[in-house]
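Coordinate analysis (summary)
Chain by chain, the residues:
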Amino acid sequence: PAYIEGYPDGTFRPNNSLTRAELASLLYRLQATSSTTGTVKSFKDVSSSFWANQAIQSMQSAGLMSGLPNGTFAPSKPITRAEMAIILSRWQGLSGQGGTTFATDINGHWAEREIKLVLTAGLMQGISPSTFQPNAPLTRAQAVTILNKILEKTAVLSARSTQWKDVPTSHWAYADIMEASNSYSLK
């Protein structure tokens, strides 16, 4: 099975941002866990019938995602690159301070340590030679590229692979998008 899906119109929308609920759902499908566990609490903006409620509760319990200080989860809010760095750091059990980084736009950022850790681990990359853009939304293409690295996937495409109208073979994340949206197996 695929761990991410496209849209009914045959598009993948690689440059669209990923919401907090969508990321929780992806992590849930991948059975992501961390060594620390959180306490499960309900969020005033996530009803028990919300489509991603189980995934959100599971990722909160796993210690990977938490709500906002105001008691909400903000499921439709785009996940930022900094938030993804924190989730990856927790999921992969990264520790220390991380190495020296090229990204000058993370200095003093609330997630500076975790960003340095994921950059040093090679789990994320900058946007340009000197920027990480921690507050920018994480795109769907960036998400599958990162998750595939963690899963150590190598794209082996078959003739039956789902193709997306908006993802040409020349797209920078073509192989990762095809791999993530066609099949995976957990080790």
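Presented here is an overview of the structure given in this document. Being a predicted model, the structure only gives us computed values, none of them experimental.

This brings us to the environment of Thr19. Note on placement: Thr19 falls in the segment before helix 1 (20-29). Assessed through its relative accessible area of 16%, Thr19 is described here as buried. Distance in space between the C-alpha atoms of Thr19 and Leu138 is 8.6 Å, their sequence separation being 119 residues. Non-local contacts of Thr19, meaning those with residues more than four positions away in its chain, are made with Pro75, Ser76, Lys77, Pro78 and Ile79. Among the polar contacts listed, one links the side chain of Thr19 to the backbone oxygen of Pro75, at a separation of 3.4 Å.

Moving on, we get to the nonpolar core. Counting residues in hydrophobic clusters, the biggest one holds 53 residues, and the most contacted among them are Tyr3, Leu27, Met65, Leu88, Trp91, Met124 and Ile177. Sorting the residues of this core by element identifies helix 1, helix 2 (53-61), helix 3 (81-91), helix 4 (112-120), helix 5 (140-151) and helix 6 (174-182) as the ones contributing at least two each. Beyond its immediate stretch of four places on either side in the chain, Met124 contacts Arg81, Met84, Ala85, Leu88, Val118, Leu119, Phe132, Leu138 and Ile146.

Peptide bonds are mostly trans, and most non-glycine residues show a negative phi. Residue Ala74 is not a glycine yet carries a positive backbone phi of 55°. With respect to the helices and strands, Ala74 occurs in the loop between helix 2 and helix 3. Notably, Gln133 is not glycine yet its phi reads approximately 55°, a positive angle. Of note, Gln133 is situated in the loop between helix 4 and helix 5. Assessed through its relative accessible area of 35%, Gln133 is described here as partly exposed.

In this structure the tally under the stated criterion is three aromatic pairs. Each ring, one from Phe43 and one from Phe73, has its centre 5.3 Å from the other, and the planes form 50°; the classification is tilted. On the criterion of sequence distance, the pair formed by Phe43 in the loop between helix 1 and helix 2 and Phe73 in the loop between helix 2 and helix 3 is long-range, its members being 30 residues apart. Residue Phe43 shares its accessibility class with Phe73, and that shared class is buried. Between the aromatic rings of Phe50 and Trp51, the centroid separation amounts to 5.7 Å while the plane-to-plane angle is 45°, which identifies the pairing as tilted. Between Arg20 and the ring centre of Phe73, over which it is positioned, the NZ or CZ distance is 4.4 Å. The aromatic ring of Phe12 is capped on one face by Arg140, whose charged end is 4.3 Å from the ring centroid.

With their axes 8 Å apart at the nearest point, helix 1 and helix 2 run at an angle of 75° to one another. With respect to each other, helix 1 and helix 2 are oriented roughly perpendicular. Contacts from Ala21, Ala24, Ser25, Leu27 and Tyr28 of helix 1 reach helix 2 at Gln54, Ala55, Ile56, Ser58 and Met59. Looking at the contact of helix 1 with helix 2, its residues break down into seven nonpolar, three polar and no charged.

A word on helix 2. Of the residues making up helix 2, those classed as buried are Asn53, Ala55, Ile56, Gln57, Met59 and Gln60. If you follow the buried residues of helix 2, they end up packed against helix 1. Of the residues flanking the end of helix 2, it is Gly63, one or two places downstream, whose phi is positive at about 85°.

What follows covers the side chain of Gln142. Here Gln142 lies in helix 5. What makes Gln142 buried here is its relative accessible area of 15%. A distance of 3.0 Å separates a polar atom in the side chain of Gln142 from the backbone nitrogen of Thr139. If we ignore the near neighbours within four places in the chain, the residues touching Gln142 are Arg81, Ile127, Pro137 and Trp172.

Rules behind the numbers
Residues numbered from 1 in each chain as written. Predicted model: local features only at pLDDT ≥ 70, side-chain atom pairs only at ≥ 80, totals over all residues. Heavy atoms only, no water. Helix = DSSP H or I, 4+ residues; strand = E, 2+ residues; numbered from the N terminus. Buried < 20%, exposed > 50% of the residue type's maximum accessible area, 1.4 Å probe, protein only. Contact = heavy atoms within 4.5 Å. Polar contact = N/O pair within 3.5 Å; in protein donor to acceptor, adjacent residues only side chain to side chain. Core = buried A, V, L, I, M, F, W, Y, C linked by side-chain atoms within 4.5 Å. Phe/Tyr/Trp six-rings, centres within 6.5 Å; stacked < 30°, edge-to-face > 60°. Lys NZ or Arg CZ within 6 Å of the ring centre and 35° of its normal. Axes fitted to C-alpha atoms, helices over the stretch in contact; angles between N-to-C directions. Parallel < 35°, antiparallel > 145°, perpendicular 65-115°, else oblique. Nonpolar A, V, L, I, M, F, W, Y, C, P; charged D, E, K, R; others polar.

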